[in-house]
Amino acid sequence: MASIVLEIPRGAWRRPIGLPLESAGRSLRQPHVSIDDGYWQGAPLGGIGAGTIGRTYRGDFARWHLDPGRHRYEPLPACMFSIFVESPDGRLAQALWTGAPARELSAWQWRYPVGAGFYAALYPRSWFVYEWEQLPVRLAVEQFSPVIPHNYRESSYPVAVFLWFVENPTVQPLTVAILFTWQNLLGYGWDHRTTGGGIHRPREDRLAGGRMVGVEMLGGEGSVREPWDGSWALAALEIPGVEVSYRARFRVDGDGAEIWEDFATDGRLEGDPGALRIPEGERVGAGLAITLRLEPGERQVVPIVLAWDLPMVEFGAGDRWYRRYTRFFGTSGRNAWGIAREALEHYATWRDQIRSWQHAVLSDPTAPDWYFTALFNELYFITDGATAWVVDPEDADGMGHFAQIECYDYPFYETLDVRFYGSFPLLMLWPELEKAVMRDFIATIPQVDLTLRTIESNSSQAPRKLSGAAPHDLGSPLEAPWRMPNAYRFQDPNVWKDLNSKFVLLLYRDYVFTEDRELIEMGWPSVRMALEYLKLFDRDADGLPENEGIPDQTYDTWSMRGPSAYCGGLWLAALEAATRMADLVGDAEARSRYEGWLRRAQESFEALLWNGRYYRYDALSPHRDSIMADQLAGQWYADLTGLPPIVPEPHILETFRTIYKYNVCRFASGRMGAVNGMRPDGTVDRCSNQSAEVWTGVTYALASAMLARGLVEEAWHTAWGVYHVTYEAKGYWFRTPEAWDEYGDFRASMYLRPGAIWAIEWVRRRRAASTSL
């Protein structure tokens, strides 16, 4: 293991450990206050659909997304790494967190010095490098979960690997120990302040590389009956020169002296003789100490793993599912130890696979380092977005169902208008999951649910779902995902003018990437139904659906009236995609009809909306001449998927140059991305809160569209603005929001749409492939 080398690759985001940020962004207070946990966030740990744990760059474990849809931010001091060093000059024991608890565990040594080392992240890997003059040892940790592209087994595992690098740079021998403590999180309703009883027991196993030693925390007797029941395990590998000791139980709500004094004496823990039954309601944890004797110049690499087995997911309406990883470990909830064992056996292989994938992307010298920072770190949302990946009992050997949330403020799964931008990482890295999502959407198009609901924006009544209307979402964790689509009701999604076009374009995009004709054949009836439904909104026979003077598209507080550049352009692109799909399925009649619709719609689009420099926002609203950053979203998809231009080619370049000049460069000195709406006089369009916002995912999409059209400098500058605000100026790393205003204050953190940065990578790869031919 000493052959494993600490390396922090190009593009890794870095920040001094625990360093505060001046002028951090805050939640906007209108239209509501968004979740705002502060800027301390770090890369999450945990597999896809397994639940995640966020360790901040201060060193504490604080963000808990173990139950899909439930966001909890609470530092738990008992979940901690600590260090012990003994030299001929004395001993030192220190918890590796720059903060300190208010009351509990007061006997521990807290407040690791701010800035004594740095944190780095290139998801799914992250690092702490400790540089404190009082530590006579070189110390670092690399932490990751096996989130590996095109891997549909290990990527689902509920496990975190902590790979510790320890080196003695002195001329004297040192005793070094790492203490890993963890609170028992099994309990009633995910309440971290109580536990539901159970058993803590030490365990050992013989592995090929040494002896696995650790502690297992088990929930109630028998099979799991509640989603917060299961097991946790801490484990490490004991080899020559590395001693592993443990304490199977300590109180986490006391002063902690029992375990701290034990560890601080010699870097070891006095083990418990056997299994310990935990009374219900008692707040306890367990600890593991890894002790090394290092000669001068000696280095060692030590793996520690944390695994959890919480097999059941329950949503608000009572629907229960088993998580994906249970296909490989069973559903008993008592398999955390087995998961930890597999991690200790295979962590080096997992790490090599992640490194190889990242290196292949990072080796391209044509893109700036900041781009790779954002490209990889925006992948955090794949696991951290209230992600559900569950086994379908009707197809136990298949991919099951998969869903990511829009955001925790807007708790809707696979929001269609948002995933149009944010689903590129899923498609490019885990295409089988993307196809599973689209199969679920295909099934929803003909569905009908006439249950009346109150629309929140205007108090009107509307049915939940009409046949032919693409749903806004696949449901909410507060209700029943996959069974009850269209959980959103701020506006009536049955009259939205972008959803049906986006459904068609997403399906065609996925075919272009995967070349899976079965997806098109399965989806073709729903494509036809979706297009026929949207055509009904062309009430004046000009070929274009009319927006109705309400927010009837993804900009759900920004109204459009009459034909609009945004929805009209999506319609044109969807018709082009439909003609291609008609060819694939051999439907000549549909192809002819869609070609006729397309010709008429293109004529009207040019006549009604082109003004010589850009396409008007819409045809009839008071702000019709506003410059919309997202006006060529349909052209963007046409370029991505190899469709013909939806508008004349000279108009495309002229429009992008106008957007760049106004929405990018004239907003915040060109340092914050593209504002959604600008007036022709160079002022921000303030007819809506959304028109005056920058949307992070829309800006990345715009940069991708510019790059596809050869506007290279404009594309990089546009995208850099989002990177700059997110990773430098305002502290939005690992919680990238939907939007911010001119001051950098945000709305809707931890959002799906910023995944659109992978559309830039899509374009880069296609351009590289075309130049290599």
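Here, the structure is the one placed above.
Since we're looking at a predicted model, the values are computed, not measured.

**Student:** Looking at this structure, how should I read the overall build of the protein chain?
**Tutor:** Across its full length, the protein chain holds 17 helices and 32 strands. A globule of 773 residues ought to have a C-alpha radius of gyration of about 28 Å, and the protein chain, at 27 Å, matches this closely. Every one of the 773 residues in the protein chain was classed for burial, and the buried ones make up 66%. Within the protein chain, counting contacts between residues at least 6 apart in sequence, those at least 24 apart form 69% of the total. Total accessible area computed for the protein chain in this model is approximately 24900 Å², and 49% of it derives from carbon and sulfur atoms. Between the mean site of the 77 positive side-chain charges and the mean site of the 100 negative ones, the protein chain shows a separation of 1 Å.

**Student:** Can you walk me through the environment of P75 in this structure?
**Tutor:** Its location among the elements puts P75 in the loop between β5 (72-73) and β6 (80-87). In contact with P75, not counting residues within four places along its chain, are R58, D60, F61, A62 and W97.

**Student:** How should I be thinking about the sheet that holds β5 in this particular structure?
**Tutor:** Two modes of strand pairing occur in sheets, parallel and antiparallel, and in both the strands are linked by backbone hydrogen bonds. If you trace the 4 strands from one edge of the open sheet to the other, you get β2-β3-β4-β5, paired in antiparallel fashion. Looking at strand neighbours, the two that pair on one side only are β2 (44-45) and β5, the edges of this open sheet. Of the strand pairs in this sheet, β2 and strand β3 (residues 52-55) are connected by 2 bridges, and their pairing is antiparallel. Looking at the pairing, P44 lines up with G54 of β3.

**Student:** How should the sheet that holds strand β30 (residues 694-695) be read in this particular structure?
**Tutor:** Pairing within the open sheet is antiparallel, and its 3 strands lie in the order β30-β31-β32. Each having just a single partner strand, β30 and β32 (746-747) make up the two edges of the open sheet. Across 2 bridges, the pairing between strand β31 (residues 739-740) and β32 is antiparallel. Bridged to W740 within β32 is F746.

**Student:** Help me understand the pattern of salt bridges in this model?
**Tutor:** Side-chain pairing between opposite charges can occur once the charged atoms of the two side chains come close. Within the structure shown, the criterion is met by 55 salt bridges. The shortest N-O distance in the salt bridge between R26 and D745 comes to 4.0 Å. Taken as a pair, R26 in the loop between β1 (13-16) and β2 and D745 in the loop between β31 and β32 lie far apart in primary sequence, 719 residues in all. A relative accessible area of 56% means that R26 is categorised as exposed. Classification of D745 by relative accessible area gives buried; the value is 13%. Close ionic contact of D253 with R251 constitutes a salt bridge, the shortest N to O distance being 3.0 Å.

**Student:** Looking at this model, I keep getting lost on helix α8 (residues 431-444). Mind explaining?
**Tutor:** Because each turn of an α-helix spans 3.6 residues, side chains separated by three or four positions in sequence point in the same direction. The terminal C-alpha atoms of α8, which comprises 14 residues, lie 20 Å apart, in line with the 20 Å expected from a rise of 1.5 Å per residue. Across the 14 residues of α8, 11 count as buried, placing the element largely inside the fold. Restricting attention to buried positions, one finds in α8 the residues P431, L433, E434, K435, A436, V437, M438, D440, F441, I442 and T444.

**Student:** Explain the packing of aromatic side chains to me, please; I cannot follow it from the model alone.
**Tutor:** How two aromatic rings sit relative to each other is given by the distance of their centres and the angle of their planes. Applying the stated criterion to the full structure yields 69 aromatic pairs. Centre to centre, the rings of F61 and W182 are 5.0 Å apart; their planes meet at 80°, and the pair counts as edge-to-face. Of the two residues, F61 sits in strand β4 (residues 61-65) while W182 sits in strand β12 (residues 174-183), which places them 121 residues apart along the sequence. Here F61 and W182 have matching classes, each one buried. Between Y130 and W164 the ring centres are 6.2 Å apart and the planes differ by 10°, which places this aromatic pair in the stacked class. A residue pair is termed long-range when its members are at least 10 positions apart, and Y130 in strand β9 (residues 125-130) and W164 in strand β11 (residues 159-167) qualify at 34 residues.

**Student:** What is the right way to read the environment of D630 from this model?
**Tutor:** On the secondary structure map, D630 appears in the loop between β28 (627-628) and α13 (633-641). The spacing of D630 and S231 is 399 residues in sequence and 47 Å in space, taken between C-alpha atoms. Sequence-distant contacts of D630, defined by excluding residues within four places in its chain, comprise Y421, Y555, Y566 and V698.

**Student:** Please explain the pairing of strand β19 (residues 299-309) as it appears in this structure.
**Tutor:** Strand residues, when the strand is regular, have side chains that alternate between the two faces of the sheet. Summarising burial for β19: 10 of the 11 residues are buried, a large majority. Alignment of β11 against β19, held across 9 bridges, turns out to be antiparallel. Residue pairing for β19: L163 is matched across the bridge by P303. Bridging between strand β15 (residues 231-238) and β19 involves 6 bridges; their strand directions are antiparallel. Residue pairing across strands places A236 opposite I304, the latter belonging to β19.

**Student:** Help me out: how do you make sense of the environment of R509 in this one?
**Tutor:** Residue placement: R509 occurs in helix α9 (residues 499-514). Here the alpha-carbon distance between R509 and L427, two residues 82 residues apart in the chain, equals 9.2 Å. In contact with R509, other than residues within four places in its own chain, are R419, F420, S423, F424, L427, E434, Y637, T641 and W762. Side chain to side chain, R509 and S423 meet in a polar contact 2.9 Å long. A distance of 3.1 Å separates polar atoms of two side chains, one belonging to R509 and the other to E434.

**Student:** Can you help me understand the nonpolar core in this one?
**Tutor:** One recurring pattern in soluble globular proteins is that nonpolar side chains are buried together. F162, W164, W182, W232 and F503 are the most contacted members of the largest nonpolar core, which has 263 residues in total. Ranked by the residues each element gives to this core, the list is headed by helix α11 (residues 565-585), at 14 residues. Setting aside anything within four residues of it in sequence, one finds W164 in contact with F81, L96, Y130, L139, A140, V141, I178, Q300, V301, V302 and I304. Counting 18 residues, the second-largest nonpolar core is a separate cluster that includes W108, A177, W260 and L269.

**Student:** I would appreciate a short explanation of the pairing of β1 in the present structure.
**Tutor:** Burial of the side chains of β1 is restricted to one face: W13 and R15 are buried, whereas none of R14 and P16 on the reverse face is. With 4 bridges connecting them, β1 and strand β8 (residues 117-122) associate as antiparallel partners. Bridge pairing in β8 places W13 opposite A121.

**Student:** How do you make sense of unusual backbone geometry when you look at a structure like this?
**Tutor:** A negative phi angle is the norm for most residues apart from glycine, just as the trans form is the norm for most peptide bonds. Following Y123, the chain continues into P124 via a peptide bond in cis, with omega recorded as 15°. Here P124 shows up in the loop between β8 and β9. Of note in this structure, N486 is not a glycine but carries a positive phi near 65°. Unlike most non-glycine residues, S669 shows phi in positive territory, near 55°. The residue S669 is located in the loop between α14 (649-664) and β29 (677-678) in this model. The exposure class assigned to S669 is exposed, which follows from its relative accessible area of 65%.

**Student:** Just checking my understanding: could you explain the packing of α11 against helix α12 (residues 588-609) for this structure?
**Tutor:** Each pair of packed helices can be described by the angle between their axes along with the distance between the axes. The geometry of α11 relative to α12 is characterised by a closest axis approach of 9 Å and an angle of 160° between their N-to-C directions. With respect to α12, the axis of α11 lies roughly antiparallel. Like other packed secondary-structure pairs, α11 and α12 cross with a definite hand, here left-handed. Residue-level inspection shows A565, G568, G569, W571, L572, L575, E576, A578, T579, A582 and D583 of α11 in contact with α12, the latter providing R591, Y594, E595, W597, L598, A601, Q602, F605 and L609.

**Student:** Would you explain the side chain of E434 in this entry?
**Tutor:** Counting through the fold element by element, E434 comes out in helix α8. Each residue touching E434, except ones within four places of it in the same chain, is listed here: R419, S423, L426, L427, R509 and D510.

**Student:** It is not clear to me how the packing of α8 against helix α10 (residues 517-535) should be interpreted in this structure. Could you clarify?
**Tutor:** Between α8 and α10, the shortest axis-to-axis distance is 9 Å and the interhelical angle comes to 25°. For the element pair α8 / α10, the angle class is roughly parallel. Viewed along their axes, α8 and α10 form a crossing whose handedness is left-handed. Packed against α8, whose contacting residues are K435, R439 and I442, the element α10 presents L519, M522, G523 and S526 at the interface.

Reading the values: the criteria
- Residues numbered from 1 in each chain as written.
- Predicted model: local features only at pLDDT ≥ 70, side-chain atom pairs only at ≥ 80, totals over all residues.
- Heavy atoms only, no water.
- Helix = DSSP H or I, 4+ residues; strand = E, 2+ residues; numbered from the N terminus.
- Rg over C-alpha atoms; globule rule 2.2 N^0.38 Å.
- Buried < 20%, exposed > 50% of the residue type's maximum accessible area, 1.4 Å probe, protein only.
- Contact = heavy atoms within 4.5 Å.
- Areas by Shrake-Rupley, 256 points an atom, 1.4 Å probe, with all protein chains shown as cover.
- Lys, Arg positive; Asp, Glu negative; His and termini not counted.
- Charge placed at Lys NZ, Arg CZ, Asp CG, Glu CD.
- Pairing = 2+ DSSP bridges.
- Salt bridge = Lys/Arg side-chain N within 4 Å of Asp/Glu carboxyl O.
- Expected span 1.5 Å × (residues − 1).
- Phe/Tyr/Trp six-rings, centres within 6.5 Å; stacked < 30°, edge-to-face > 60°.
- Polar contact = N/O pair within 3.5 Å; in protein donor to acceptor, adjacent residues only side chain to side chain.
- Core = buried A, V, L, I, M, F, W, Y, C linked by side-chain atoms within 4.5 Å.
- Axes fitted to C-alpha atoms, helices over the stretch in contact; angles between N-to-C directions.
- Parallel < 35°, antiparallel > 145°, perpendicular 65-115°, else oblique.
- Left-handed = near helix turned anticlockwise from the far one by under 90°.

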